[in-house]
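The chain contents come next:
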Amino acid sequence: MNSPTTSHPRQLQRTPRQAVVVRALQAVVPAHALLWQAEDTVPYECDGLTAYRERPLVVVLPESEDQVAAVLKVCHGLSVPVVARGAGTGLSGGAMPHALGVTLSLAKFNRIVEIDTRSRTAVVQAGVRNLAISEAAAPLGLYYAPDPSSQIACTIGGNVAENSGGVHCLKYGLTLHNVLAVRGFTVEGEPITFGGDALDGPGLDLLPLVIGSEGMLAVTTEVTVRLVPRPLLARCIMASFDDVRKAGDAVASVIAAGIIPAGLEMMDKPMTAAVEDFVHAGYDLDAEAILLCESDGTPEEVAEEVGRMSEVLRNCGATAIAVSRDEAERLRFWSGRKNAFPASGRISPDYMCMDSTIPRKNLADILLAIQAMEKKYRLRCANVFHAGDGNLHPLILFDANDPDQLHRCEQFGADILETSVAMGGTVTGEHGVGVEKLNSMCVQFSAEENAQMFGVKRAFDTNALLNPGKVIPTLQRCAEYGRMLVRAGRIAHPELPRF
């Protein structure tokens, strides 16, 4: 794990630089769009990963694309780093400010430009909330499928940066599969568009490159998303298991049966206890794990699929199966899963949410490994998974005011990520690398692969001014991390392992 600055005294030597930057920005944006006093920049010092904090030199809240372009041109001319920020709900430190840079907030870009029912698309500004898109499209019988747990607050610009998913991503895909075009600006303040309305376009297909690029290649101001028709019916199965391995095997068996549920989520016993006390979703508190399996479509399709899934779950050892009887009960089943993070916040001063992926067949193996790690690092961990696509979200519970607990939490998280890689997975599924997973990137990727990623970064941002110091680890960092692993006895040779 990475350990960025956790304290943030305003150093006197920053003042002259700050004065130069503020004067230059005052020439291109209104005075009310600039924040630089310490008390005004505190709300921007971190994102959802609260363990790491840094106050920015200046915060800018532009109100138009012309202002965004002008701010970028000023910063580029002064060689000032820029960190784009949405709602700040990210969980990997991707929006953590640069101490000597500008935080560029897109909060005022909150307008839904157009909804086209014929093409089933919506054009929205980057600061529009994820859920607001579906709310606006609902009277037209449409909605935006990706639904992160933070959808009530997270913005579409942030979703593009992280390639966010959600509980229904198994059937409907991630942000990448539901976005047609991204418009924004390069680091030099030049307009740029990725993708378009056509199925194919001239030149390189760079849309998949910018989605998930964590604000390192361009600043997003407008997004064209794909809308889908609301299904006639949706039903959710809640299945209880007395053993986590049975639950993990059931996930693989559902997919092996040729069934692609609209959602397929897994929670372990500590997590169900936390959320049940919070939202009273009706979860089985005696179960070691529960699965939420949703089917949607026509009433006939749903009845047939629910029957097939229920049979598979029973054959895999489900001790109890409940099917939602109406829409209210379906939403109640999902309310627990959607509130897993705030529920964890009620039982612990802090938590750190991991985001690795593994093959579905290894779900039980990683859960059992995490249980062993709880004893090793003397910290609790509650688990919730996008089980259908093998995306883990273990929440490590700790107290950030205790430096030793923070250190053990970092080690615990790194162990989860690297164990996932050893099982054939990756260090991130949808939360991004940010500052949190820099060291673990050294384990997943070779020096040559990291160099190729740096090459892409340089092609868009030669001087590394957009969100610098994140996502791609340097050779020096990887070498230092390798030596640390040797000292810790986790590897025998300073060359980092390739699994």
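Whatever comes next refers back to the structure up there.
What counts, and where the lines are drawn
- Residues numbered from 1 in each chain as written.
- Predicted model: local features only at pLDDT ≥ 70, side-chain atom pairs only at ≥ 80, totals over all residues.
- Heavy atoms only, no water.
- Pairing = 2+ DSSP bridges.
- Helix = DSSP H or I, 4+ residues; strand = E, 2+ residues; numbered from the N terminus.
- Axes fitted to C-alpha atoms, helices over the stretch in contact; angles between N-to-C directions.
- Phe/Tyr/Trp six-rings, centres within 6.5 Å; stacked < 30°, edge-to-face > 60°.
- Buried < 20%, exposed > 50% of the residue type's maximum accessible area, 1.4 Å probe, protein only.
- Disulfide = S-S within 2.5 Å.
- Core = buried A, V, L, I, M, F, W, Y, C linked by side-chain atoms within 4.5 Å.
- Contact = heavy atoms within 4.5 Å.
- Salt bridge = Lys/Arg side-chain N within 4 Å of Asp/Glu carboxyl O.
- Polar contact = N/O pair within 3.5 Å; in protein donor to acceptor, adjacent residues only side chain to side chain.
- Expected span 1.5 Å × (residues − 1).

Before going further, it helps to spend a moment on the sheet that holds strand β10 (residues 219-226). Taken in spatial order, the five strands make up an open sheet running β5-β6-β10-β8-β9, and their pairing is antiparallel. Here the strands that pair on one side only, and so sit at the sheet edges, are β5 (112-116) and β9 (191-195). Recorded for the sheet is a direction-independent mean angle of 10° between the axes of neighbouring strands. Examined bridge by bridge, strand β6 (residues 121-125) and β10 share five bridges and lie antiparallel to one another. Of the residues in β10, the one forming a bridge with T121 is R226.

Our next topic: the sheet that holds strand β2 (residues 58-60). What the four strands build is an open sheet, ordered β1-β2-β4-β3; its pairing is mixed. Unpaired on one side and paired on the other, β1 (34-35) and β3 (82-85) mark the two borders of the sheet. Both β3 and strand β4 (residues 102-105) contribute to a ladder of four bridges, which runs parallel. In the sheet register, V82 faces β4, and the bridge partner there is V102.

This part takes up the packing of aromatic side chains. We describe a pair of aromatic rings using the distance from one ring centre to the other and the angle between the two ring planes. By the definition in use, this model includes four aromatic pairs. Aromatic side chains F341 and Y351 sit 6.0 Å apart centroid to centroid with 45° between the ring planes, which places their arrangement in the tilted category. With F341 in helix α12 (residues 340-347) and Y351 in strand β16 (residues 350-353), the pair connects residues that are 10 residues apart, well separated along the chain. Residue class for F341 comes out buried when judged on its relative accessible area of 14%.

On to unusual backbone geometry. Here H280, not a glycine, exhibits a phi torsion of approximately 55°, which is positive. Considering the arrangement of structural elements, one finds H280 in the loop between α9 (269-279) and β14 (289-297). Judged by its relative accessible area of 52%, H280 is exposed. Residue R378 is not a glycine yet carries a positive backbone phi of 55°. Of note, R378 is situated in the loop between α13 (363-377) and β17 (380-386). Since its relative accessible area comes to 56%, R378 is described here as exposed.

This part is about the state of the cysteines. Applying the stated criterion across every chain yields a total of one disulfide. Each sulfur in the disulfide pair C442 and C478 lies 2.2 Å from the other. The sign of the S-S torsion, about -85°, decides the handedness of the disulfide formed by C442 and C478: left-handed. Pair noted here: C442 is in helix α15 (residues 438-444) and C478 is in helix α17 (residues 475-487), with a separation of 36 residues, a long-range link. Residue classification places C478 among the buried positions, given a relative accessible area of 11%. Between C236, a cysteine without a disulfide, and C293, which holds the nearest cysteine sulfur, the sulfur-to-sulfur distance is 7.2 Å. Of the residues examined, C236 reaches a relative accessible area of 0% and is grouped as buried.

A few words on the nonpolar core. In terms of nonpolar packing, the biggest core is built from 63 residues, with F241, L313, M352 and F412 touching the most fellow members. Setting aside residues up to four positions removed in sequence, L313 forms contacts with I237, A239, F241, A250, V254, L291, C293, A318 and I321.

Time to look at the pattern of salt bridges. Should their charged atoms come close, side chains of opposite charge can pair. Scanning all chains against the criterion turns up 23 salt bridges. In this structure, E436 engages K437 in a salt bridge whose closest nitrogen and oxygen atoms are separated by 2.6 Å. Of the two residues, E436 and K437, neither departs from the other in class, the shared state being buried. Within this structure, E45, R53 and R55 form a network of salt bridges that share partners.

Here we take up the side chain of K470. Within the secondary structure, K470 is located in the loop between α16 (447-460) and α17. For K470, the side chain forms a polar contact with the main-chain oxygen of G94, separated by 3.0 Å. The residues touching K470, leaving out its near neighbours within four places in the chain, are V83, G93, G94, A95, M96, M216, G434, V435 and L438.

Quick look at helix α3 (residues 65-78) now. Relative to the 20 Å expected for 14 residues at 1.5 Å per residue, α3 spans 20 Å between its end C-alpha atoms, a close match to the ideal helical length. Those residues of α3 that sit buried are Q67, V68, A69, A70, V71, L72, V74 and C75. Two residues or fewer past α3, S79 is found with a positive phi of approximately 60°.

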